[in-house]
Amino acid sequence: MTDSGTGLSAETKVESVIESRRIQILPDHVANQIAAGEVVERPASVIKELVENALDAGAAHVDISLRNGGKTLIRVSDDGHGLARADALMALDRHATSKIREANDLRSVSSFGFRGEALPSIAAVSRFELETAPASGGEGTRVRVAAGRILGADPIARQPGTTVTVRSLFQNVPARAKFLRSARAETRAASEVIIVLALANLGVGFRFDSNGRELLRLPPADTIQQRVSDIWGDAEAAELLALDLERDGIRIAGLVQRPDAARRSGGRRYLFVSGRPFRDAALLRAVDEAYRTTVAPGLRPSAFLYLAVPAGTVDVNVHPAKSEVRFAEPGAVREVVEAAVRGSLSDVSSAPGFGAAAPDSSFTPLRAAAPRVAERSPGDEAASQLAFFARRAAAADAAEAAAAGAKVEGDTKAAAGPHAGPAPDAGQGAAALSAPPDLWQLHDSYILAATRQGLLIIDQHSAHERVLFEEIMGRFSAGGSESQRLLFPLTLRLSPAECDAVEELGSLLHSTGFEVENFGGGTVIVHAAPNPHPYFDAELCFREMIQELASGSELVNSARNQHERIAKSLACKSAIKAGQPLSQPEMVELFDRLFATELPGHDVHGRPTILRLTLDELGRRFGRT
């Protein structure tokens, strides 16, 4: 049949339309190469996908080998449940997966892999070999692939589990191959991937070698501390504090670094949700916010945080690389992260010790939702410490009353030294012997306090600085502070910049207790000042504080707002100085006020206020077992 208008048959017209069609369906091997661009960026990406498959297969041990940074060879072997022949062939098809069946499964997926893209993407850009045997028994299978095309599938004899060998990565995509870095750089990237997955799977053993040289050997671990110690050593593990907090169905557990151990080079920071490693800049900012006023500016402490959230409240299907997740309530997660980290810093154990061992924690990250645990109040440890010392103080008071009027008091005190307590009456026996004083001052700078676990050494200036900072911040919230009218007002001449600072901050200074009048001509008059302690020098403090606020410093520049700038500077300038003798009541008062603060272990510069000397460490130093 011929069209009278064109003279062409109907069949010819259809063929013409088909030939001129611009949109075509890509062949499978081309589509797989495109997918590989998202999934396979470098050898480390291949290792990540293959190790995750091994973990999803229930492997107890995973062995990883590289040659030439993974450019020449990557081999991952596991002792997981393996695959039968039909599944081994099916696994090389795109979107073939055993992890999900329908879209709704994505809301509760617990496996690392679920897209069904990794194996075909890797096989599309390499010479690929899969050897596997099912744990249920039966013969094994070897599947050979080159640039996405299956070359053969043969039966083999092997133990249950899977071995994937990838040779000549990007051999058929030279444009991608030229962007690979040096073998050393690629090996470092691969090592980091393995470390992340090892931290997420404590019960699995890992071995990693490069060019025949073993770089990592990690036995299965019972705790996070053990795995950290196996990777980076006991010294680094000893710098970490355990945390565990559950609130509104969100649980945060893991380890964070003691503030005094933070370094400018940046800490190790790892996030996991339901056992899956992920990246989230907002959560790491929450970690930094929790450390505010406990570390110097620019320091980034280490953090190993394991999150468990209610089912259906986290989306893991955000990016093909599966390195990002999306929380249904990100603000709530950030709040719990900050509270958990800050709570760990409020404990006395966050203060550095003398050769202290790593803190104990039995938390094990699981893919399933973690059990709920009661929230721990940050003040529990301080309350415990205060109760202990209150009991000791009461015992000392009782001993003092019992010893009142003892005839040998003067002789005993003279022999024991100026800080000795009152002597007991000789007729009352050993039960009436008074205990040593609760607190001692060393070199007029440090306060020593005996505890049930050993000895606390407190820097009196840093301790008072922490106390004053939190009290000043509290007064800002309460609307003001008590001040003391000066019998003789201070007339001070300031620089133009300092005068501007006084003018700008006048109302805030008034809230701290300073009543300042601008007298003109670069002169101000201070009519009232706070009275933080009997040795306070109001003029020196005001001058130093205004100079710092006007010119800036590392301390005030790290503050979030003007309230915090003033509180940091005033606390630093007005705190009791090193070298100031303190009476026993003054030391007790400072001690009690320190342990009533939110973060007793750290001053506003990020320095420790407390050092801990445990009985175990004393025994070790003296050679006791």
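For the structure, see preceding data.
These lines cover the structure that appears in this document, whether it is placed above or below. (Residues numbered from 1 in each chain as written. Predicted model: local features only at pLDDT ≥ 70, side-chain atom pairs only at ≥ 80, totals over all residues. Heavy atoms only, no water.)

## A few points about the overall build of the chain
Here is step 1 of the chain: The helix and strand tally for the chain stands at 21 helices and 22 strands.
Here is step 2 of the chain: Every one of the 625 residues in the chain was classed for burial, and the buried ones make up 47%.
Here is step 3 of the chain: If you take every contact in the chain between residues at least 6 apart in sequence, the share linking residues at least 24 apart comes to 71%.
Here is step 4 of the chain: Summing over all exposed atoms, the chain offers an accessible surface of approximately 30,000 Å²; the carbon and sulfur share of this is 52%. (Helix = DSSP H or I, 4+ residues; strand = E, 2+ residues; numbered from the N terminus. Buried < 20%, exposed > 50% of the residue type's maximum accessible area, 1.4 Å probe, protein only. Contact = heavy atoms within 4.5 Å. Areas by Shrake-Rupley, 256 points an atom, 1.4 Å probe, with all protein chains shown as cover.)

## Re the packing of aromatic side chains
Here is step 1 of the chain: Counting across every chain of the model gives seven aromatic pairs.
Here is step 2 of the chain: Relative to Tyr306, the ring of Phe272 has its centre 4.7 Å away and its plane inclined at 10 degrees; by these criteria the two rings are stacked. One end of the pair, Phe272, is in strand E11 (residues 269-273); the other, Tyr306, is in strand E13 (residues 303-308), with 34 residues separating them in the sequence.
Here is step 3 of the chain: Arranged with centres 4.7 Å apart and planes meeting at 45 degrees, the rings of Phe591 and Phe595 form a pair that is tilted. Accessibility assignment for this pair places Phe591 and Phe595 in one class, buried.
Here is step 4 of the chain: An aromatic cluster of three or more residues is present, and its members are Trp232, Tyr270 and Phe304. (Phe/Tyr/Trp six-rings, centres within 6.5 Å; stacked < 30°, edge-to-face > 60°.)

## Quick look at the packing of helix H3 (residues 43-56) against helix H7 (residues 183-200)
Here is step 1 of the chain: For the pair H3 and H7, interaxial distance at closest approach is 8 Å and the crossing angle is 25 degrees. The angle between the axes of H3 and H7 places the two elements in the roughly parallel class. The way H3 lies across H7 gives a crossing that is right-handed. Contacts between H3 and H7 pair Pro43, Ala44, Ile47, Lys48, Val51, Glu52 and Leu55 from the former with Glu186, Ala189, Ala190, Val193, Ile194 and Leu197 from the latter.
Here is step 2 of the chain: Across the contact of H3 with H7, the residue classes break down as ten nonpolar, no polar and three charged. (Axes fitted to C-alpha atoms, helices over the stretch in contact; angles between N-to-C directions. Parallel < 35°, antiparallel > 145°, perpendicular 65-115°, else oblique. Left-handed = near helix turned anticlockwise from the far one by under 90°. Nonpolar A, V, L, I, M, F, W, Y, C, P; charged D, E, K, R; others polar.)

## Digging into the pairing of strand E7 (residues 205-210)
Here is step 1 of the chain: A large share of E7 lies buried, amounting to five of its six residues.
Here is step 2 of the chain: The pairing of strand E1 (residues 61-67) with E7 spans six bridges and is classified as parallel. Residue pairing across strands places Val62 opposite Phe206, the latter belonging to E7.
Here is step 3 of the chain: Here five bridges tie E7 to strand E8 (residues 213-218), and the two strands are oriented antiparallel to one another. The residue bridging Phe208 from the neighbouring strand is Leu216, located in E8.
Here is step 4 of the chain: Counting the residues between successive antiparallel strands, the hairpin from E7 to E8 contains two residues, one of them, Asn211, with a positive phi of roughly 55 degrees. (Pairing = 2+ DSSP bridges.)

## A word on the nonpolar core
For soluble globular proteins, nonpolar side chains are generally found buried alongside one another.
Here is step 1 of the chain: Within the largest apolar cluster, 58 residues are counted, with the highest numbers of intra-cluster contacts made by Phe128 and Phe206.
Here is step 2 of the chain: With ten residues, H7 is the single largest residue contributor to this core.
Here is step 3 of the chain: For Phe128, the residues in contact, after removing those within four places along its chain, are Leu92, Leu119, Ile122, Ala123, Val143, Arg144, Val145, Val164, Thr165 and Val166. (Core = buried A, V, L, I, M, F, W, Y, C linked by side-chain atoms within 4.5 Å.)

## A few points about the sheet that holds E7
Here is step 1 of the chain: The mixed open sheet is built from eight strands, whose spatial order is E5-E4-E3-E6-E2-E1-E7-E8. Single-partner strands in this sheet number two, and they are strand E5 (149-156) and E8. Pairs of neighbouring strands in the sheet enclose a mean axial angle of 10 degrees, with direction left out of account.
Here is step 2 of the chain: As paired elements, strand E2 (residues 73-78) and strand E6 (residues 161-167) share six bridges and run antiparallel to each other. The residue bridging Val76 from the neighbouring strand is Val164, located in E6.
Here is step 3 of the chain: Most of the contacts of H3 go to E2, to which it runs at about 10 degrees, and overall it touches E1, E2, E6 and E7.

## Some points on the state of the cysteines
Here is step 1 of the chain: Under the counting rule described, the total for this entry stands at zero disulfides.
Here is step 2 of the chain: No disulfide involves Cys572; its nearest neighbouring cysteine sulfur is the one of Cys541, lying 9.2 Å away.
Here is step 3 of the chain: For Cys572, a relative accessible area of 12% translates into the label buried. (Disulfide = S-S within 2.5 Å.)

## What to know about the pattern of salt bridges
Here is step 1 of the chain: Counting across every chain of the model gives 33 salt bridges.
Here is step 2 of the chain: A salt bridge links Arg607 to Asp603, with the nearest nitrogen and oxygen atoms 2.8 Å apart.
Here is step 3 of the chain: On the basis of relative accessible area, Asp603 is assigned to the buried category, the value being 0%.
Here is step 4 of the chain: A network of salt bridges, in which partner residues are shared, links Asp63, Arg67, Arg207, Asp209, Glu214 and Arg217. (Salt bridge = Lys/Arg side-chain N within 4 Å of Asp/Glu carboxyl O.)

## Describing helix H20 (residues 584-594)
Note that an α-helix has 3.6 residues per turn; residues three or four places apart therefore point the same way.
Here is step 1 of the chain: Of all the positions in H20, only Met587, Leu590, Phe591 and Leu594 are classed as buried. For H20, the angular spread of buried residues about the axis comes to 100 degrees, placing them on one side. (Arc of directions from axis to C-beta.)

## Some words on the sheet that holds strand E21 (residues 523-529)
Picture the strands of a sheet paired through backbone hydrogen bonds; they go either parallel or antiparallel.
Here is step 1 of the chain: The sheet built from three strands is open, its strands ordered E19-E21-E20 with antiparallel pairing. Edge positions in the sheet fall to strand E19 (484-493) and strand E20 (515-520), since each has one partner strand and no second. Along the sheet, successive strands turn relative to each other by an average axial angle of 20 degrees, direction set aside.
Here is step 2 of the chain: Where E19 meets E21, six bridges bridge the pair, whose relative direction is antiparallel. Within E21, the residue paired with Arg485 across the bridge is Ala528.

## Re the environment of Phe469
Here is step 1 of the chain: One can find Phe469 in helix H14 (residues 460-478).
Here is step 2 of the chain: Taking C-alpha positions, Phe469 is 7.7 Å from Leu570, a pair spaced 101 residues apart along the chain.
Here is step 3 of the chain: Dropping the residues within four chain positions of it, Phe469 is found in contact with Thr293, Glu564, Ala567, Lys568, Ala571 and Val604.

## Comments concerning helix H8 (residues 224-232)
Here is step 1 of the chain: Within the sequence span of H8, burial applies to Ile224, Gln225, Arg227, Val228, Ser229 and Ile231.
Here is step 2 of the chain: Gly233, located one to two residues past H8, shows a positive phi value of around 105 degrees.

## Some remarks on the side chain of Thr523
Here is step 1 of the chain: As for its position among the elements, Thr523 is in strand E21.
Here is step 2 of the chain: For Thr523, a relative accessible area of 11% translates into the label buried.
Here is step 3 of the chain: Residue contacts for Thr523: discarding those within four places in its chain leaves Thr491, Leu492, Arg493, Glu517 and Asn518.

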